Amino acid sequence: MIAPAVTATPSISVTTAGSMLPQPARVTKIKEEAYAIATYDLLFEDEKVRQKYLFRPGQFNMLYLPGIGEVPISISSDPAKPEELGHTIRYAGNVTRAISRLQVGDVIGMRGPYGSSWPLERIRGQDVCIVTGGIGLAPLRPVIYAILGQRADFGRVILLYGARTPADMLYTGEFETWGEHDIQVRTTVDRADERWRGQVGVVPMLFYHIRLDPNKTTVLTCGPEIMMRFVIYEALARRISKERIYVSLERNMKCAVGFCGHCQFGPSFICKEGPVLSYAQVEPFFGVEDF
Ligand SMILES: Cc1cc2nc3c(=O)[nH]c(=O)nc-3n(C[C@H](O)[C@H](O)[C@H](O)COP(=O)(O)OP(=O)(O)OC[C@H]3O[C@@H](n4cnc5c(N)ncnc54)[C@H](O)[C@@H]3O)c2cc1C
């Protein structure tokens, strides 16, 4: 099994502790973010469930549409406001396309939170370099909110973010506020349009525009696995240790509580030991076909 000494913050499930029963949750707001991507704010109908619910940045909920299916979706909102649970969703297939037909006021099933979280407590006082691509920013936005809430507790904070085109970038309306709180935001796109004045190229290239102190920087990354592989390469090249690099992994999952085995990754289940793991934990399996 994975060595516990280097695990990300381990999983807890407050709302449904031990139960797999989805609770009714109402859609209170829908915000279009980019093409085929929107953020759904969900509110548990039962006030008792609402009051008990807490999540940590990086955790996910299972969203359930009766007769269609259930999908894991990261929580993309502020952990200090657990009553407003944001989920930024890309319409990929059956369930997420059915979610795209929901309206404000509709009710779906929700259970969670599940999984491990980004190691915010452990990296307090340090520099943080967040590196994401596309919708990978969704599970990291709660980290940014948590840092904004306690900005003095962290050192330099840098966000390196890339998307296919400028129109595919998420949360751009918030970048200015993040900058005002001394979060350095650097962006890049694969394909520019006529209005884009920024960087063009893949996300790992942004490492060439910054300097990092390997003794006090932790890298948090989420995005396509190929992107994360190059991010890890660039971070290691800057002498950041494997224990200071954290990834969030996606695998198809069904139960979310470590029973069904769908999300097995080497000796671990991504739903329980993950999705957030240190590179030191996943190195033997990362990038290996069929893991
Ligand atoms: C921990 C975790 C957190 C996630 N967070 C988010 C999130 O915040 N926002 C979001 O939009 N999505 C997120 N996902 C991915 C999301 O769960 C899948 O896109 C969703 O399950 C697709 O379901 P569907 O029924 O709509 O599509 P399906 O009909 O199941 O699949 C459509 C296509 O996508 C492929 N696919 C489905 N799931 C995955 C996957 N996990 N990895 C790679 N390919 C897949 C299928 O093979 C198929 O080709 C997360 C996944 C995990 C494991």
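Let us look at the structure shown here. (Residues numbered from 1 in each chain as written. Predicted model: local features only at pLDDT ≥ 70, side-chain atom pairs only at ≥ 80, totals over all residues. Heavy atoms only, no water.)

1. Digging into the site of the ligand
- As a matter of local geometry, the ligand sits amid 18 residues, with Pro 72, Thr 88, Arg 90, Thr 96 and Asn 252 nearest to it.
- Taking Pro 72, its main chain carries an N or O atom lying 2.7 Å from an oxygen atom of the ligand.
- Backbone polar atom of Arg 90 to an oxygen atom of the ligand: 2.7 Å apart, as the coordinates give it.
- Isolated, the ligand exposes 890 Å² of accessible area, and the fraction of that covered by the protein chains is 68%.
- In a pocket analysis with a 2 Å cut-off to the grid points, the ligand is assigned to the largest pocket.
- Only β4 (69-74), β5 (85-90) and α2 (94-99) provide two or more residues apiece to the shell around the ligand.
- In terms of residue count, the dominant contributor to the shell around the ligand is β4 (four residues).
- For the shell around the ligand, the class distribution of residues is nine nonpolar, six polar and three charged. (Near = heavy atom within 4 Å. Polar contact = N/O pair within 3.5 Å; in protein donor to acceptor, adjacent residues only side chain to side chain. Areas by Shrake-Rupley, 256 points an atom, 1.4 Å probe, with all protein chains shown as cover. 1 Å grid on protein atoms, 1.4 Å probe; cavity = no way out; pocket = protein on both sides within 12 Å on 5 of 7 lines; lining within 4 Å. Sits in = over half its atoms within 2 Å of the grid points. Helix = DSSP H or I, 4+ residues; strand = E, 2+ residues; numbered from the N terminus. Nonpolar A, V, L, I, M, F, W, Y, C, P; charged D, E, K, R; others polar.)

2. A word on the sheet that holds strand β10 (residues 199-200)
- Pairing within the open sheet is mixed, and its seven strands lie in the order β10-β9-β8-β7-β11-β12-β15. If you trace the sheet from one side to the other, it starts and ends with β10 and β15 (276-278), each paired once.
- Across three bridges, the pairing between strand β12 (residues 245-248) and β15 is antiparallel. Within β15, the position partnered with Tyr 246 by the bridge is Ser 278.
- Contacts from helix α5 (residues 225-237) reach β7 (127-133), β11 (217-222) and β12, with the element oriented near 170° to β11. (Pairing = 2+ DSSP bridges. Contact = heavy atoms within 4.5 Å. Axes fitted to C-alpha atoms, helices over the stretch in contact; angles between N-to-C directions.)

3. So, the pairing of β12
- A two-sided burial pattern is seen for β12, the buried positions comprising Ile 245 and Val 247 on one face and Tyr 246 and Ser 248 on the other.
- The parallel pair β11 and β12 is bridged by α5, and the resulting crossover is right-handed. (Buried < 20%, exposed > 50% of the residue type's maximum accessible area, 1.4 Å probe, protein only. Right-handed = clockwise from strand over helix to strand, strands pointing away.)

4. Quick word on unusual backbone geometry
- Along the chain, Gly 112 connects to Pro 113 via a cis peptide bond; the corresponding omega equals 0°.
- In this fold, Pro 113 is placed in strand β6 (residues 107-114).
- A cis amide bond links Gly 274 with the next residue in sequence, Pro 275, at an omega value of 5°.
- Position of Pro 275 relative to the elements: it lies in the loop between β14 (268-269) and β15.
- At Arg 239, a position not held by glycine, the phi torsion is positive, near 65°.
- Summarising the element assignment, Arg 239 is placed in the loop between α5 and β12.

5. With respect to the sheet that holds β5
- Sheet architecture is open: six strands sit in the order β4-β3-β6-β1-β2-β5, paired in antiparallel fashion. The open sheet has two edge strands, β4 and β5, and neither has a second partner. Taking each pair of neighbouring strands and ignoring which way they run, the sheet shows an average axis angle of 40°.
- In the sheet, strand β1 (residues 23-34) pairs with strand β2 (residues 37-44) via eight bridges, with the strands oriented antiparallel. Across the sheet, residue Lys 31 finds its bridge partner in β2, namely Thr 39.

6. Focus on the environment of Glu 45
- You can see Glu 45 is positioned in the loop between β2 and α1 (47-52).
- By relative accessible area, Glu 45 is classed as partly exposed at 38%.
- Sequence spacing of Glu 45 and Gly 198 is 153 residues, and the spatial spacing of their C-alpha atoms is 44 Å.
- The residues contacting Glu 45, other than those within four sequence positions of it, are Pro 24, Ala 25, Arg 26, Arg 50 and Val 107.
- Engagement of the side chain of Glu 45 in a polar contact is seen with the side chain of Arg 26, the distance being 2.8 Å.

7. What to know about the nonpolar core
- Counting residues in hydrophobic clusters, the biggest one holds 35 residues, and the most contacted among them are Val 131, Leu 160, Val 219, Leu 249 and Val 282.
- If you list the elements that add at least two residues to this core, you get β3 (60-65), β7, β8 (157-163), α5, β12 and α6 (279-282).
- If you tally residues by element for this core, the top one is α5, at five residues.
- Non-local contacts of Val 282, meaning those with residues more than four positions away in its chain, are made with Val 247, Leu 249, Phe 265 and Leu 277. (Core = buried A, V, L, I, M, F, W, Y, C linked by side-chain atoms within 4.5 Å.)

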